[in-house]
Amino acid sequence: MHTLAESLTTKFAETGYTTYSYPSVDSIKSAPAVINQANRAWNMMLENSSANGRTEYDFYIYYNHSTKNIYCGEIVAGAFISGCAGTNGSISIGSNTNNLEVCGFYHCHTTLQYCPIDTFRQTGPSAPDISWANTHGIPGLVDDYNVKILEGGMPKEASHSIKTIGPSRRAPFHVPN
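Our subject in this report is the structure included herewith. Values in this document were obtained by computation on a predicted structure and should not be read as measured data.

## As for the overall build of the protein
If you tally the helices and strands in the protein, you get four helices and ten strands. In sequence order, the protein lays out its α and β elements as α-β-α-α-β-β-β-β-β-α-β-β-β-β. Within the protein, buried positions represent 38% of all 177 residues. Partitioning the intrachain contacts of the protein with sequence separation of at least 6 by distance along the chain shows that 72% fall at a separation of at least 24. In the structure as shown, the protein presents an accessible area of about 9500 Å², 54% of it carried by carbon and sulfur atoms.

Right, dumping it as structure tokens:
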């Protein structure tokens, strides 16, 4: 018995289309290129945070269908966030460079180390992060601190991890032969 996706893929192949499939979000998250680029983006966020403000960093993730390799686009800085209470960043990733190969994105949230102790925010993917992933139809990786509520003054070196959002993988892409 074939799944609907397998049946559609067969149907497209029979009608003169090439189908491009994409890796799962778990494969994307564990790819060495993604881990390395995520570490660079997180460190950029830490290095560029101060009492004057902070910046979120993002990048697209791509899949080369010929080599089966996952690779990353350039890290893009979001808007500079000044102030503490009531402020937030947003995904500012720019344009992807290859619509056929884009398979996901990475987005990090910022420290509140330089904010007063009465400043706080909920950690993890925000509603706009989740909406962005679902609207664009690609899995997202959101890097944030490992606490439910991040308080002002918490050391920026505290532990963090990546949470996944959006679809479990990009839907297959069908191109006429």
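## Some remarks on the environment of Arg-40
The topology assignment puts Arg-40 in helix H3 (residues 32-47). Residue classification places Arg-40 among the partly exposed residues on the basis of a relative accessible area of 45%. Each C-alpha atom of the pair Arg-40 and Ile-75 lies 8.5 Å from the other, and the pair is 35 residues apart in sequence. A polar side-chain atom of Arg-40 sits 2.6 Å from a polar atom in the side chain of Gln-37.

## Structural notes on the pattern of salt bridges
The final tally for this structure, using the stated rule, is one salt bridge. The shortest N-O distance in the salt bridge between Asp-144 and Arg-121 comes to 2.8 Å. Remark: Arg-121 occurs in strand E6 (residues 120-122) and Asp-144 occurs in strand E7 (residues 140-145); sequence separation between them is 23 residues. Arg-121 carries the same exposure label as Asp-144, and that label is buried.

Rules used in this analysis
Residues numbered from 1 in each chain as written. Predicted model: local features only at pLDDT ≥ 70, side-chain atom pairs only at ≥ 80, totals over all residues. Heavy atoms only, no water. Helix = DSSP H or I, 4+ residues; strand = E, 2+ residues; numbered from the N terminus. Buried < 20%, exposed > 50% of the residue type's maximum accessible area, 1.4 Å probe, protein only. Contact = heavy atoms within 4.5 Å. Areas by Shrake-Rupley, 256 points an atom, 1.4 Å probe, with all protein chains shown as cover. Polar contact = N/O pair within 3.5 Å; in protein donor to acceptor, adjacent residues only side chain to side chain. Salt bridge = Lys/Arg side-chain N within 4 Å of Asp/Glu carboxyl O.

All we've got here are geometric facts, nothing functional implied.
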